[in-house]
Amino acid sequence: MHAFDILGDPVRRRILELLADGERTSGAITDVIRAEFGISQPAVSQHLRVLRDSGFASVRAEGARRFYAVEPEPLSEVDAWLDRFRRLWEQRLDALGTELARGKRAKGRKT
């Protein structure tokens, strides 16, 4: 499965957002996802399995609990793909910065 297929699902993106804040138990993830998306525990488990199988998340067992963590490597591949488009954003942001600076200078001359 391609990285954007994984990230294209809002539930999986939300799970990764939760994991970006640090390791979480499957129960904690399930509680948030069920509250926000109204899906069943088995459905959340399926999303966790997809993330695990695709390398976006890892799991470790501690007794009966399962702790999930985000894995950065697949996300760095997405970042590398997006890098070719970043120059488009940067040019626009640079232009916005120039216009803001002009506006401040013009406002300073009027006062």
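Our subject is the structure listed above.
Keep in mind it's a predicted model, so treat the numbers as computed, not measured. (Residues numbered from 1 in each chain as written. Predicted model: local features only at pLDDT ≥ 70, side-chain atom pairs only at ≥ 80, totals over all residues. Heavy atoms only, no water.)

(A) Region of interest: the overall build of the protein chain. Of the regular secondary structure elements, the protein chain holds 5 helices and 3 strands. Walking the protein chain from its N terminus toward its C terminus, one meets helices and strands in the order α-α-β-α-α-β-β-α. Against the globule reference of 13 Å for 111 residues, the protein chain gives a C-alpha radius of gyration of 21 Å, more extended than a compact globule. Counting only residues that meet the buried cut, the protein chain has 22% of its 111 residues in that class. At a minimum sequence separation of 6, the contacts of the protein chain that also span at least 24 residues come to 45%. (Helix = DSSP H or I, 4+ residues; strand = E, 2+ residues; numbered from the N terminus. Rg over C-alpha atoms; globule rule 2.2 N^0.38 Å. Buried < 20%, exposed > 50% of the residue type's maximum accessible area, 1.4 Å probe, protein only. Contact = heavy atoms within 4.5 Å.)

(B) The arrangement of a nonpolar patch on the surface in detail. A cluster of nonpolar side chains, namely Phe 4, Trp 81, Phe 85, Leu 88, Trp 89, Leu 93, Leu 96 and Leu 100, defines an oily patch on the protein surface of about 760 Å² accessible area. At 7 residues, the largest contribution of residues to the nonpolar patch is made by helix 5 (residues 72-110). Structurally, the position occupied by Leu 100 is in helix 5. (Patch = residues over 30% accessible without salt bridge, like charges linked within 9 Å, V, L, I, M, F, W, Y side chains within 5 Å. Areas by Shrake-Rupley, 256 points an atom, 1.4 Å probe, with all protein chains shown as cover. Salt bridge = Lys/Arg side-chain N within 4 Å of Asp/Glu carboxyl O.)

(C) A look at the packing of aromatic side chains. One pass over the structure, following the stated rule, counts 2 aromatic pairs. Seen in terms of ring centroids, Phe 4 and Trp 81 are 4.9 Å apart; in terms of plane orientation they differ by 65°. Their pairing is edge-to-face. You can see Phe 4 sitting in helix 1 (residues 3-7) and its partner Trp 81 sitting in helix 5, a full 77 residues away along the chain. Ring centres of Trp 81 and Phe 85 lie 5.0 Å apart, and the angle between their planes is 50°; this geometry places the pair in the tilted category. (Phe/Tyr/Trp six-rings, centres within 6.5 Å; stacked < 30°, edge-to-face > 60°.)

(D) Region of the structure containing the sheet that holds strand 1 (residues 24-25). Read across the open sheet, the 3 strands follow the order 1-3-2; overall the sheet is antiparallel. Across the chains shown, the open sheet's two edge strands, defined by having one partner strand only, are strand 1 and strand 2 (57-62). By the bridge criterion, 2 bridges tie strand 1 to strand 3 (residues 65-70) in an arrangement that is antiparallel. Within the sheet, the bridge partner assigned to Arg 24 lies in strand 3 and is Tyr 68. Against the sheet, helix 2 (residues 10-20) engages strand 1, strand 2 and strand 3, with an angle of about 95° to strand 3. (Pairing = 2+ DSSP bridges. Axes fitted to C-alpha atoms, helices over the stretch in contact; angles between N-to-C directions.)

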